[in-house]
Amino acid sequence: MAASTAAGKQRIPKVAKVKNKAPAEVQITAEQLLREAKERELELLPPPPQQKITDEEELNDYKLRKRKTFEDNIRKNRTVISNWIKYAQWEESLKEIQRARSIYERALDVDYRNITLWLKYAEMEMKNRQVNHARNIWDRAITTLPRVNQFWYKYTYMEEMLGNIAGARQVFERWMEWQPEEQAWHSYINFELRYKEVDRARTIYERFVIVHPDVKNWIKYARFEEKHGYFAHARKVYERAVEFFGDEHMDEHLYVAFAKFEENQKEFERVRVIYKYALDRISKQEAQELFKNYTIFEKKFGDRRGIEDIIVSKRRFQYEEEVKANPHNYDAWFDYLRLVESDAEAETVREVYERAIANVPPIQEKRHWKRYIYLWVNYALYEELEAKDPERTRQVYQASLELIPHKKFTFAKMWLLYAQFEIRQKNLPFARRALGTSIGKCPKNKLFKGYIELELQLREFDRCRKLYEKFLEFGPENCTSWIKFAELETILGDIERARAIYELAISQPRLDMPEVLWKSYIDFEIEQEETERTRNLYRRLLQRTQHVKVWISFAQFELSSGKEGSLAKCRQIYEEANKTMRNCEEKEERLMLLESWRSFEDEFGTISDKERVDKLMPEKVKKRRKVQSDDGSDAGWEEYYDYIFPEDAANQPNLKLLAMAKLWKKQQQEKEAAEQDPDKDIDESES
């Protein structure tokens, strides 16, 4: 035992050790190996030698061997039908039809559900002109497997080719008893039509639409009648189809086909009735094709009114779908209402408006209400201008004002529109009551301005004064209100009252546009030709601000006063402004002042005055400074222009040194240029 084990161990080959495990320089793929094998034809076997049979004995021997091979293959696996078919076809090639039949019959015993087997069997019989045998096989096939349409098609085709029309019709009738698919019925109908049997085809269609009650089949039936000139029958088929499907299963394609049929018969009123009947009953989403065809029909045969009706109707359906999908899509409601207003009764328009305004924004924020409120505005304007119903207009305005949550926000537009409506209706107390209520509930600048404007138009100046007082109590920082109030008093001729209003205004601790207010006050005093008062106002303003525009305006005022010594006073203001602005960090403003002063001296001053101002003008210098980004990191350097005034240069000796250094550098460059090109200097001197 030990010896045999030792011998077994000795027989195991040793695995060779690979010394060099590095990959080969040239790699080869499996695809390359297969391609090389194909090129060299390594796996091709030589064809078997051709065998010549010379006598009957050799033939019988050959047949025996082949049959034994086929039988062995069948015995190994009876269910492989291809072996049976090959065997039968081989026997057929030897004209052994009886043997081939026997093989096919044996195969059918094994698997009678195999379609290919039946087809090959029947084809063999037909090929060898064995008609009765073929009929027998087809009968057995359609009896055994009646749902295989191929058998029926082949069988009927064979009978028709043989000229046995009655036999083919009988086969079709047997087939129709099984209620096959639609194509089978069409084949039967086409068969009858090939032999001009229109009545038989009509009978088949009658059975067909009952077995397959689809819209397209009814349409095919009707078109069949129309094609053969039976127009009354075709109309009856369409009417039966409409009745058959009823209102629950309506289909636009049926009505389109029906309408086109009537259109071809020049029955235009019938067409219009069909389209309208269908459009009233089919849902909008499913009637797109119907709308399209109706529109085309009206364009071809209808009048202008009919075309407009269909277009309006189509757009109305579209808007209905949009507002159903999103009731808060106010833009869709606006478009819908515009359409309805253009072509509808007042009651219909009101109904749509009521539906639209019922969709109140769910959130009480003004931005959500901005589009919604215009529904109410349009509704009120429609009732007033189109429907001519003032009472309903008033109800619309009042309902809208009750709906708006005034404690959170309001719409001054609605209050003002309501007041203007009441004025148009000559109900002044109603308008005043509405505006008074609005100011009491939710005071706004726009409401005050609108109310004041109304009273001004009515020349109720005492009311205007009271309103301005209320307005300024509500918003004392509003400079425009102060100015308008003062202007009103000026127009009324009460100058002292206007001046008092201005004084009260400039004494307010907070103002939104103080420069506008001061300018208006100064202009007011200039209009009143109060020179001293204007000068005092400028001085008071300069105590509050040292803005360059104030100084320039002050100087221009003194110049335009036209009194003696105005030029001297103007020059004095410019000098005072220049002294004041020496310590100002905004050098551009100081430059602006000096330029204004220089233009003044150019027009009115002497040469010495001009030179004096020119000496005060700054020098423009280009400088660099470091730039930092938003996060604090260095972003490089940028160049900018700075202005150096003569007083600044005198105070900073470094600037003088810098100027001298620049001059020395320029002289050095000129000297070097002269040394490099002495000939040029000689030529220039000679010339």
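Quantities reported herein were computed from a predicted structural model and do not represent experimental measurements.

### Notes on the overall build of the protein chain
Phase 1: Each helix and strand counted, the protein chain has 37 helices and two strands in total.
Phase 2: Summarising the internal contacts of the protein chain: among those between residues at least 6 apart in sequence, 46% fall at separations of at least 24.
Phase 3: For the protein chain, the computed accessible surface area is about 43900 Å², with 50% contributed by carbon and sulfur atoms.

### Let's talk about the packing of helix H3 (residues 56–76) against helix H4 (residues 81–93)
Phase 1: Contact geometry of H3 with H4 gives a least axis separation of 9 Å together with a crossing angle of 160 degrees. On the basis of their axis angle, the class for H3 and H4 is roughly antiparallel. Here the hand of the crossing between H3 and H4 comes out left-handed. Of the residues in H4, those in contact with Tyr62, Lys63, Lys66, Arg67, Phe70, Glu71, Asn73 and Ile74 of H3 are Asn83, Trp84, Lys86, Tyr87, Trp90 and Glu91.
Phase 2: Residue classes in the contact of H3 with H4 are distributed as six nonpolar, two polar and six charged.

### A few points about the pattern of salt bridges
Phase 1: Here the structure, examined in full by the defined rule, presents 25 salt bridges.
Phase 2: With a closest N to O distance of 4.0 Å, lysine 154 and glutamate 123 form a salt bridge. Here the residue lysine 154 occupies a position in helix H8 (residues 149–161), and glutamate 123 occupies one in helix H6 (residues 115–127), the gap between them amounting to 31 residues.
Phase 3: Residue arginine 270 pairs with glutamate 262 through a salt bridge whose shortest N-O separation is 3.8 Å.
Phase 4: Sharing partners across several salt bridges, the network here consists of Lys68, Asp72 and Arg75.

### What about unusual backbone geometry?
Phase 1: In this model, arginine 129 sits at a positive phi of 60 degrees, which is unusual for a non-glycine residue.
Phase 2: A positive phi angle, close to 50 degrees, is found at glutamine 179, a residue other than glycine.
Phase 3: In this structure, glutamine 179 sits in the loop between helix H9 (165–176) and helix H10 (182–194).
Phase 4: On the basis of relative accessibility, which here comes to 51%, the residue glutamine 179 falls in the exposed class.

### A short note on the packing of helix H5 (residues 97–110) against H6
Phase 1: Two numbers describe how H5 lies on H6: the axes approach to 10 Å, and their chain directions differ by 160 degrees. By the criterion of interaxial angle, the relationship of H5 to H6 is roughly antiparallel. You can see that H5 and H6 cross each other, and the crossing is left-handed. For the pair H5 and H6, contact is made by Ile97, Ala100, Arg101, Tyr104, Glu105, Ala107 and Leu108 and by Leu117, Trp118, Lys120, Tyr121, Met124 and Glu125, respectively.
Phase 2: Grouping the amino acids of the contact of H5 with H6 by side-chain chemistry returns nine nonpolar, no polar and four charged.

### Focus on the confidence of the model for the protein chain
Phase 1: Residue-level pLDDT values for the protein chain average 74, and 59% of them are 70 or greater.
Phase 2: This model gives residues 1–9 a pLDDT under 50, and the stretch forms zero contacts once residues within four places in sequence are excluded.
Phase 3: Counting interchain partners and residues more than four positions distant, the pLDDT-below-50 stretch residues 680–687 has one contact.

### Looking at the side chain of arginine 169
Phase 1: Positionally, arginine 169 belongs in helix H9.
Phase 2: Judged by its relative accessible area of 15%, arginine 169 is buried.
Phase 3: With residues up to four places along the chain from it excluded, the contact list for arginine 169 reads Tyr188, Phe191, Glu192, Glu197 and Arg200.

About the thresholds
Residues numbered from 1 in each chain as written. Predicted model: local features only at pLDDT ≥ 70, side-chain atom pairs only at ≥ 80, totals over all residues. Heavy atoms only, no water. Helix = DSSP H or I, 4+ residues; strand = E, 2+ residues; numbered from the N terminus. Contact = heavy atoms within 4.5 Å. Areas by Shrake-Rupley, 256 points an atom, 1.4 Å probe, with all protein chains shown as cover. Axes fitted to C-alpha atoms, helices over the stretch in contact; angles between N-to-C directions. Parallel < 35°, antiparallel > 145°, perpendicular 65-115°, else oblique. Left-handed = near helix turned anticlockwise from the far one by under 90°. Nonpolar A, V, L, I, M, F, W, Y, C, P; charged D, E, K, R; others polar. Salt bridge = Lys/Arg side-chain N within 4 Å of Asp/Glu carboxyl O. Buried < 20%, exposed > 50% of the residue type's maximum accessible area, 1.4 Å probe, protein only. pLDDT = per-residue confidence, 0-100.

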